[in-house]
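Per-entry structural report
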Amino acid sequence: MDNIMILGAGDFQLPLVQKASEKYNVILVAPSIDSRFDKYVYKKYYFDVREQDKILEIAKQESIVGITTDQTDIPVRTVAYVAENMNLPGIGYEVAKIFTDKGLMRHKLEEAGIDVIPYVCTDNLNDAISFMSNINSSVIVKPVDTQGSRGVIKVDSIDDLSDAFYNAANYSTNNCVVVEKYIVGPEVVIEGITVNYNCVKQICGDTIYFDDKTKFSAKKRIFPSSLNSELVDNALQLNKRIIKAFGLNNGITHGEYIFDGNKVYLIEIAARGGGVFISSDLIHETTGLNTEEFLLDISVGKTPDLALKDTGKTAGYRAFYLQPGIVKKIEGINTICSFPFIKRNQFDCIYEGMQIDKNVNKTSRFAFIIVADSLQQWIDYQTTIKNILSIVNNESMDSAIIWE
């Protein structure tokens, strides 16, 4: 079999690795790789996925026929870099930079005549202070090139801006930070399938956050969206316009949007499928597309199978946190996993004796996929799970689950 390279070995890359192993020898590159990947991988290399030249060297050594990733932002540039330097199919390095840099992303929007949320992109605190003073509003401070909400924080006072700015800068590879006006409104997420520069399919879902807004972490993403059709259509049209402006040739995009009244703005967009199994499961459940096969096919230059359909299903993930401490007792997981409406999940990542550290961003969530015939049925299934699952982490046996 031919060798194919995949970057990233977190929970959300496992479906892609599993599918790839059916047709290819998988060369897996990641800083750490756990034992779940062992039976699907031909060779493992332990490197930071941002080490572009080192990974290019390995790719040449292994004579790969394609390179890909999914559900993670950090490897996207390296995938494009290796593909471009080996004359393999890819999105192009310059395009990858736009999709992975929130500053470049906003500059490109402005070039295309697309309205953006008022912002400044800078490595200078004084610029951030001046911007916040001028707009007289709360702001969101975020690194230009991170993922998982690392370093992202809402700031309500200029007195708090300095700490937030330098914290975000520490997460950025070039110390640049986006400071953006804080907007309150409904949010949606759009998964787009693009082939030959044409966005051939889009699905739009709703984003619902945990009560703790400091983590900018979604507790639910449910497809299709329940917003009125006019708002959804506006978001879908904007998403297509942005994909075209950014020059994506082939791939999946994960776009996040917010409404300010009837006006829709891009929060950010990535040239990969949505995390928390949106790409691997929710796209498939709502469109019938085998996402992994699609990504593998375009990575080796094959014409993808686009047997798309509207399944009529309501599909979404439900996430929860665990209180810091040591997990003492778990009940209900076997019952939950036996339900046919429960699909991919992270229940196998939770075990008795597990140490739960402080939850500082969305990377410490646990999630499961629910598929239903309607939104109300999805909500009912969610309630069933919440009533069955029990996880405690201290001697008094208090519940450790944070649902809201």
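Before reading on, note that the structure itself is shown above.
Here the structure is a predicted model, which means the values were calculated and not measured.

1. Section: the pairing of strand β6 (residues 139-143)
- β6 sits mainly inside the fold: five of its five residues count as buried.
- One ladder, built from three bridges, connects β6 with strand β7 (residues 153-155); its direction is antiparallel. In the strand pairing of β7, valine 139 is matched with valine 155.

2. Some details on the sheet that holds strand β5 (residues 119-122)
- Pairing is antiparallel across the open sheet formed by four strands, whose spatial order is β5-β8-β6-β7. Lying at the two open borders of the sheet, with one neighbouring strand each, are β5 and β7. Recorded for the sheet is a direction-independent mean angle of 20 degrees between the axes of neighbouring strands.
- Alignment of β5 against strand β8 (residues 177-181), held across four bridges, turns out to be antiparallel. Opposite threonine 122, over in β8, you have valine 177 as the bridge partner.
- Relative to β6, helix α7 (residues 161-171) is tilted by about 25 degrees, and along the sheet it contacts β5, β6, β7 and β8.

3. So, the sheet that holds strand β4 (residues 66-68)
- The sheet built from four strands is open, its strands ordered β3-β2-β1-β4 with parallel pairing. Edge positions in the sheet fall to β3 (43-46) and β4, since each has one partner strand and no second. Here the average twist between neighbouring strands, direction ignored, is 20 degrees.
- As paired elements, strand β2 (residues 25-30) and β3 share four bridges and run parallel to each other. Bridge pairing in β3 places leucine 28 opposite lysine 44.
- Of the strands in this sheet, β1 (3-7), β2 and β3 are in contact with helix α2 (residues 52-61), which crosses β1 at around 160 degrees.
- On top of the sheet, helix α10 (residues 291-299) reaches β1 and β4; it is set at about 135 degrees to β4, its chief contact.

4. Digging into helix α6 (residues 125-135)
- Here α6 has its buried residues at Leu125, Ala128, Phe131 and Met132. Looking straight down α6, one finds its buried side chains confined to an arc of 125 degrees; they lie on one side. Opposite the buried face of α6, at more than 90 degrees from it, the exposed residues are Asn126 and Asn134.
- Turning to α6, the residues buried within the fold contact β5, β6, β7, α7 and β8.

5. Description of the state of the cysteines
- In the structure shown here, the tally under the stated rule is zero disulfides.
- This cysteine, cysteine 204, is not joined by any disulfide, and cysteine 199 carries the nearest cysteine sulfur, 12 Å off.

6. As for the pattern of salt bridges
- Evaluation of the coordinates by the stated rule reveals 25 salt bridges.
- Here lysine 19 makes a salt bridge to glutamate 293, at a shortest N to O gap of 3.7 Å. Separated by 274 residues along the polypeptide, lysine 19 in helix α1 (residues 14-20) and glutamate 293 in helix α10 bring together distant segments of the chain.
- The partner of lysine 142 in a salt bridge is glutamate 180, and the shortest N-O contact between them spans 3.3 Å.

7. What to know about the environment of aspartate 260
- Within the secondary structure, aspartate 260 sits in strand β12 (residues 251-260).
- As for aspartate 260 and valine 184, which are separated by 76 residues in sequence, their C-alpha atoms are 7.0 Å apart.
- Residues in contact with aspartate 260, not counting those within four places in the same chain, are Ile183 and Tyr265.

8. A word on the side chain of threonine 314
- Mapping threonine 314 onto the fold places it in strand β14 (residues 314-322).
- Within polar-contact distance, the side chain of threonine 314 engages the backbone nitrogen of leucine 375 at 3.4 Å.
- In this structure threonine 314 touches Ile222, Phe223, Pro224, Ile370, Val371, Ala372, Ser374, Leu375 and Trp378, once residues within four positions along its chain are discounted.

9. Quick word on helix α12 (residues 375-388)
- Look at α12: 20 Å from first C-alpha to last across 14 residues, which is about the 20 Å you get at 1.5 Å a residue.
- Looking only at α12, the buried set comprises Trp378, Gln382 and Ile385. Along the axis of α12, the buried positions cluster into a sector of 60 degrees, meaning they face one direction only.
- In the core, the buried residues of α12 are packed alongside β11 (218-223), β14, α11 (333-338), β17 (342-345) and β19 (366-372).

10. Considering the packing of aromatic side chains
- If you walk through the whole model with that rule in mind, you get 13 aromatic pairs.
- Each ring, one from phenylalanine 99 and one from phenylalanine 246, has its centre 5.2 Å from the other, and the planes form 80 degrees; the classification is edge-to-face. Of this pair, phenylalanine 99 sits in helix α4 (residues 93-100) while phenylalanine 246 sits in helix α8 (residues 229-246); the two residues are 147 residues apart in sequence, bridging distant segments of the chain. In this structure, phenylalanine 99 and phenylalanine 246 share a single accessibility class: buried.
- Ring geometry for phenylalanine 320 and phenylalanine 368: centres 6.5 Å apart, planes at 45 degrees, overall tilted. Of this pair, phenylalanine 320 sits in strand β14 while phenylalanine 368 is found in strand β19, placing the two residues 48 residues apart along the sequence.
- Phenylalanine 368 sits in the buried class, given a relative accessible area of 0%.
- Linked through ring pairs, Phe320, Phe347, Phe366, Phe368 and Trp403 together constitute an aromatic cluster.

11. Considering the environment of alanine 400
- Within the element layout of this structure, alanine 400 appears in the loop between β20 (390-392) and β21 (401-402).
- The contact partners of alanine 400, leaving out residues within four places of it in the chain, are Tyr321, Leu322, Gln323, Ile391, Val392 and Asn393.

About the cut-offs
Within each chain, residue numbers correspond to sequence positions counted from 1 in written order. Owing to the predicted nature of the model, reporting of local features is limited to residues with pLDDT of at least 70; listing and counting of side-chain atom pairs is limited to 80 or more, with chain, interface and lining totals taken over all residues. Values shown for side chains rest on all heavy atoms present in the structure; no hydrogens or waters enter the calculation. To sort residues, take the accessible area from a 1.4 Å probe on protein chains only and compare it with the maximum for the residue type: under 20% means buried, over 50% means exposed, and anything in between is partly exposed. Helix and strand assignments follow DSSP, with helices taken as H or I runs no shorter than four residues and strands as E runs no shorter than two, numbered in order from the N terminus. For two strands to pair, DSSP has to find at least two bridges joining them. In this analysis an axis means a line fitted to C-alpha atoms, helices contributing only their contacting stretch, and an angle means the value between N-to-C directions, from 0 to 180 degrees. Throughout, a residue-residue contact means that at least one pair of heavy atoms, one from each residue, lies within 4.5 Å. Along the arc lie the directions from the helix axis toward the C-beta atoms. Note on terminology: pairs of cysteine sulfur atoms within 2.5 Å are recorded as disulfides. Criterion for a salt bridge: a side-chain nitrogen of Lys or Arg within 4 Å of a carboxyl oxygen of Asp or Glu. What qualifies as a polar contact is a pair of N or O atoms within 3.5 Å, subject to a donor-acceptor requirement within protein and to the restriction that residues adjacent in sequence count only when both atoms come from side chains. One less than the number of residues in a helix, times 1.5 Å, gives the span that helix is expected to have. Whether two aromatic rings pair depends on their centres lying within 6.5 Å, for rings of Phe, Tyr and Trp, where Trp uses its six-membered ring; planes under 30 degrees apart make the pair stacked, over 60 edge-to-face, and the rest tilted.

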